[in-house]
Amino acid sequence: MRIVNFFEIGDWDIRSFLVVILSFHLAMWGTIGLRLLGIDIPVLVHLFPFLYISLIPGIQIVRILKLHDIGGIPTILLSVGLSLVVLMGLGLVMNLIYPTVGLLRPMSFDSLILPILMISLFLSILCYIFDRSYSRPKFFELSFSQVLVFGLTIIFPVLAIVGAILLNTYQSNIVLILLIVSIAFTIILTGFSGRKSSIYYPLLLYSFSLSLLLFTSLISNYLWGNDIFVEYHYAKTVYDQGLWDFSLDSNVNSILSIVMLAPIFSIWCDLDLIWVFKIFYPLIYALVPLGLFYIFQEQFNPKIALYSSILFITSFSFYTEMIVMARQQVGEMFFILILIAMFGLKSSIKKRVALIVCFSAALIVSHYGLSYIYLYYTLSVFILIKTVPLLLKMLRQSALPKKVTDDILCPEILKDRVQQSQSAVYIVLLVTMMVSWYSFIASSSSFISVVNILDLIRRTFVSDFLSPETAQGLTILATEYLPLQTVTKMFYLFIQACIILGILLIISKRTPYNLKLEQLLLSVSALSLLVTALTVPFFAQQLQTSRFIHISQLILAPFCIIGFIAIVNYIGTLANRAPALLKGIHQRLNIKNPYRVLSMFLSVFLLFNSGLVYYLAEEPAKTASLISFDPNINYFKYDDLEIVSARWLEAHSDDKLPIYADDYRKYLLQSMSSGSAFSLSKVDPSQDSRGYFYLGTWNNVKNEIILEKIYYGTVQHISSNVEPYIFENHKIYSNYNAGVYYH
């Protein structure tokens, strides 16, 4: 059956295009009308308004810019990215203008209706004016096998949702175990698939990505993690007040991806902010691996692009640390869109530069840490572009053998034309935008953080360079872990080695892939930052080493795949030269291509990273690895009775008195008590400290609390006895699981 490709709706004739936009309008207003009438259709009344505001404005802008024949993946990603830019910009303008004309609650449903309607109408008119003559719709043949694959890919997110419900309600993890095993098995199957199966790769990737994100985000009926509670607090403040107070001195309060997007999603879709963070943000973030696949496919081939993306999503940070960092989820979305505009988008240089500047500004207001990293990449590439060609020319004119200069130094990259994305004008503009936003809106708090880190590095660089006590990456290397966790560490070390090997192979032209100079230097820049984070004292403490590794994979993942393939091919060559016994074993394995070995490697990699191997082997791990398998794990995760007790404390406590809890449960209280909850580590048990003392389920059952200890900038969680901090006759609330004490 031949059907029109909706993912490339920007290429339809203008009449059909506007009919679809109008249909979305009517459907959205219909669901909102049902909601206002009190008719609640589960999922639909929340999901459809979300799809509308996160997709339709961007699709219209793509059409206005005449971005045609660019493919389905960039069309969807650009549409979502531009829609997010529109929403953040709309929220910012409303908060700046509305109060000056007497409208004191710009962040409310009544205030949002007219602007969103007018924006959509205005964009539709512009679509007709600027692009009414274009019509080149794309079609594809829908076969039974495609329908079957589509049905199978839907199973993974369904398993994640059902499994999370069963774990939250009945403490049963069997479905979540089945989910991880099913994904791992499917990854292996891709290694044995043919070239024709590449049409299914984007669908598989989105299914894998969304499933793994929901696999962790839906755990608990409340938020879990640490940073996410700070984000929730500021988003909730905007939601409750109906206004963004940008005078609050906080890095997070200056991040529009939190203080604008989350309240707008919550208000427009009539969904609690908790579920906005747990569902809507993962729906958007799951698109990032698709963007990686598109970029890597343009640079290499579909198989390398597939496994590079799978490496990214099966790594620990993707579905654990990023789930509790909503602002970085959005920041990475804009980062990928910048790379697409730089290297993958088939359009004029003017349109690409406009998109790069737009998404750069969006990145700056979405995540300050990633913005600084991107600035480092940009400056590094700009400097290297100016110096490397001169260095290569000098080497070619030196006394080195011609074989060295031709085969290793790759002199043909001198012929590459440098794109405008790394021009001096763009760098000046990027720095100006960063300084303006972080100085005037964030009260320079993020700049101060960076300056303090750099000053600390300056003072300790000589004395503590390559010291495991101060370089977090080396601390991880020197730390002794339990056996299975040591295997996981070996996995990551092997991946870093493959990355280095892959880059060297590309530079020395030992592969069929020829990257442009700018792309190659960007990879070198990413690798240099990763090495710095692993070795320089105190450098990685702000973002943590695991997040630096995660961010580096946005650029370096395909080099790992190339390095891995080279190792497998080399082993195969050695096996063919080996004695008859070893050669026979190699032949009986029937490994015809390295992708089969690679798929098996990534499958096992997922089993370890997800925590499934730890759980089945009953190896203790105080990390987020086990959060989806062990309902009783002591971590930044809270059961229903803990949430009830925290809300009781919020309602009945004296605002003038502090609230104390251990370092796992203080984040729960901070999200409910205007940030006035403190760690028990600040309390001296020998002194009479006034305030409220909150104990969660683990504290009461195990009679212990968790306190943070900062050791050379690295956070460690230490168990301590709870008895010195409480007195039974001071208990003022208890629900059997959690309790509140008053001193």
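Just so it is clear, the structure is predicted and the values come from calculations on it, not from any experiment.

Definitions and limits used
Residues numbered from 1 in each chain as written. Predicted model: local features only at pLDDT ≥ 70, side-chain atom pairs only at ≥ 80, totals over all residues. Heavy atoms only, no water. Axes fitted to C-alpha atoms, helices over the stretch in contact; angles between N-to-C directions. Helix = DSSP H or I, 4+ residues; strand = E, 2+ residues; numbered from the N terminus. Parallel < 35°, antiparallel > 145°, perpendicular 65-115°, else oblique. Left-handed = near helix turned anticlockwise from the far one by under 90°. Contact = heavy atoms within 4.5 Å. Nonpolar A, V, L, I, M, F, W, Y, C, P; charged D, E, K, R; others polar. Phe/Tyr/Trp six-rings, centres within 6.5 Å; stacked < 30°, edge-to-face > 60°. Buried < 20%, exposed > 50% of the residue type's maximum accessible area, 1.4 Å probe, protein only. Lys NZ or Arg CZ within 6 Å of the ring centre and 35° of its normal. Core = buried A, V, L, I, M, F, W, Y, C linked by side-chain atoms within 4.5 Å. Salt bridge = Lys/Arg side-chain N within 4 Å of Asp/Glu carboxyl O. Pairing = 2+ DSSP bridges. Patch = residues over 30% accessible without salt bridge, like charges linked within 9 Å, V, L, I, M, F, W, Y side chains within 5 Å. Areas by Shrake-Rupley, 256 points an atom, 1.4 Å probe, with all protein chains shown as cover. pLDDT = per-residue confidence, 0-100. Expected span 1.5 Å × (residues − 1).

Chemist: Which parts of the structure should I look at to understand the packing of helix α6 (residues 174-191) against helix α13 (residues 302-314)?
Modeler: Relative placement of two packed helices is described by the angle separating their axes and the distance separating the axes. Running from N to C, α6 and α13 point in directions that differ by 165°, and their axes come no closer than 11 Å. Comparing their axes, α13 and α6 come out roughly antiparallel. For α6 against α13, the interelement crossing comes out left-handed. Along the contact surface, α6 presents I187, T190 and G191, while α13 presents K303, L306, Y307, I310 and T314. A breakdown of the residues in the contact of α6 with α13 according to their chemical character gives four nonpolar, three polar and one charged.

Chemist: Can you walk me through the packing of aromatic side chains in this structure?
Modeler: The description of an aromatic ring pair uses the distance of the two centres, along with the angle that the planes make with each other. With the rule as written, the count across this model stands at 46 aromatic pairs. Considering the side-chain rings of F50 and F280, the 4.0 Å spacing of their centres and the 10° angle between planes classify their relative orientation as stacked. Here the residue F50 occupies a position in helix α2 (residues 44-64), and F280 occupies one in helix α11 (residues 273-285), the gap between them amounting to 230 residues. For F50, a relative accessible area of 3% translates into the label buried. Taking relative accessible area as the criterion, F280 reaches 2% and is therefore assigned buried. Taken together, F491, Y492, F494, F564, F601, F605 and F608 form an aromatic cluster joined through their ring pairs. In this arrangement the basic side chain of R63 is found over the ring face of F17, its NZ or CZ atom lying 5.1 Å from the centre.

Chemist: What's the story with the nonpolar core in this structure? I'm lost.
Modeler: If you look at soluble globular proteins, the nonpolar side chains tend to sit buried side by side. Grouped together as the largest cluster of nonpolar side chains are 232 residues, with contacts concentrated most on Y222, F265, F277 and Y281. The element that contributes the greatest number of residues to this core is helix α24 (residues 545-577), accounting for 14 residues. Within the second largest apolar cluster, eleven residues are counted, among which are Y660, L707, V722 and I726.

Chemist: How should I be thinking about the pattern of salt bridges in this particular structure?
Modeler: When charged atoms on two side chains of opposite charge get close, those side chains can pair. Going through the model one piece at a time under the given rule, you end up with twelve salt bridges. Among the salt bridges present, the one from D69 reaches R136, with a minimum N-O distance of 3.0 Å. Within this pair, whereas D69 is found in the loop between α2 and α3 (72-97), its partner R136 is found in the loop between α4 (109-131) and β2 (139-141), the two being separated by 67 residues in sequence. D69 gets classed as partly exposed once you look at its relative accessible area, which sits at 31%. Here D227 ties to R327 by a salt bridge, and the two come within 3.7 Å at their closest N and O atoms. Of this pair, D227 sits in helix α8 (residues 227-241) while R327 sits in helix α15 (residues 326-344), and the two are 100 residues apart along the sequence. D227 gets classed as partly exposed once you look at its relative accessible area, which sits at 26%. A single network of salt bridges, built from pairs that share partners, joins D11, D69, R136 and K138.

Chemist: Is there a simple way to think about the packing of helix α16 (residues 349-364) against helix α19 (residues 424-440) in this case?
Modeler: Relative orientation of the contacting elements α16 and α19 amounts to 30°, with a least axis distance of 10 Å. As far as their axial angle goes, α19 and α16 are roughly parallel. The hand of the α16/α19 crossing is right-handed. Only Y426, L429, L430, M433, M434, W437 and Y438 of α19 make contact with α16, whose side of the interface consists of I356, V357, S360, A361 and I364. Partitioned by chemical class, the residues of the contact of α16 with α19 number eleven nonpolar, one polar and no charged.

Chemist: Can you help me understand the pairing of strand β8 (residues 731-734) in this one?
Modeler: Regular strands have side chains that alternate between both faces of the sheet. When β8 meets strand β9 (residues 739-742), the two strands line up antiparallel, connected through three bridges. Among the inter-strand pairings, K731 is bridged to a residue of β9, identified as Y741.

Chemist: Sorry if this is basic, but what is going on with the sheet that holds strand β4 (residues 677-679) here?
Modeler: Picture the strands of a sheet paired through backbone hydrogen bonds; they go either parallel or antiparallel. Read from one edge to the other, the open sheet built from five strands follows the order β4-β3-β5-β9-β8, with strand pairing classed as mixed. On the outer flanks of this sheet lie β4 and β8, each paired with one strand and no other. Between one strand and the next, the sheet's axes are offset by a mean angle of 25°, whatever the strand orientation. When strand β3 (residues 659-661) meets β4, the two strands line up parallel, connected through three bridges.

Chemist: When you look at the side chain of K489 in this model, what are you seeing that I'm missing?
Modeler: When you line up the elements, K489 lands in helix α22 (residues 483-507). Given the relative accessible area of 14%, K489 is considered buried. Aside from chain neighbours lying at most four places away, what touches K489 is I476, L477, T479 and Y481.

Chemist: Could you clarify how one ought to interpret a nonpolar patch on the surface in this entry?
Modeler: Taken together, the side chains of L114, L117, M118, L121, I125, Y128, I129 and F130 define a hydrophobic patch exposed on the protein surface, amounting to about 760 Å² of accessible area. The topology assignment puts F130 in helix α4. By relative accessible area, which is 45% here, F130 ends up partly exposed.

Chemist: What is the right way to look at the confidence of the model for the protein chain in this model?
Modeler: The pLDDT averaged across the protein chain works out to 86; a share of 88% of its residues lies at or above 70. At the low end of the mean pLDDT range in the protein chain sits helix α18 (residues 402-407), at 54; at the high end sits α11, at 97. Below pLDDT 50 for its whole length, residues 408-421 participates in 37 contacts with residues either more than four positions away or in separate chains.

Chemist: So what exactly am I meant to see when it comes to α3 here?
Modeler: Between its first and last C-alpha atoms α3 spans 37 Å; for 26 residues at 1.5 Å apiece the expected length is 38 Å, and the two agree. In terms of burial, α3 is a largely internal element, 21 of the 26 residues being buried.

Chemist: Explanation requested: α15 in the structure shown.
Modeler: Because an α-helix packs 3.6 residues into every turn, residues spaced three or four apart end up facing the same way. Here α15 spans 26 Å end to end across 19 residues, near enough to the 27 Å set by a 1.5 Å rise per residue. A large share of α15 lies buried, amounting to 19 of its 19 residues.

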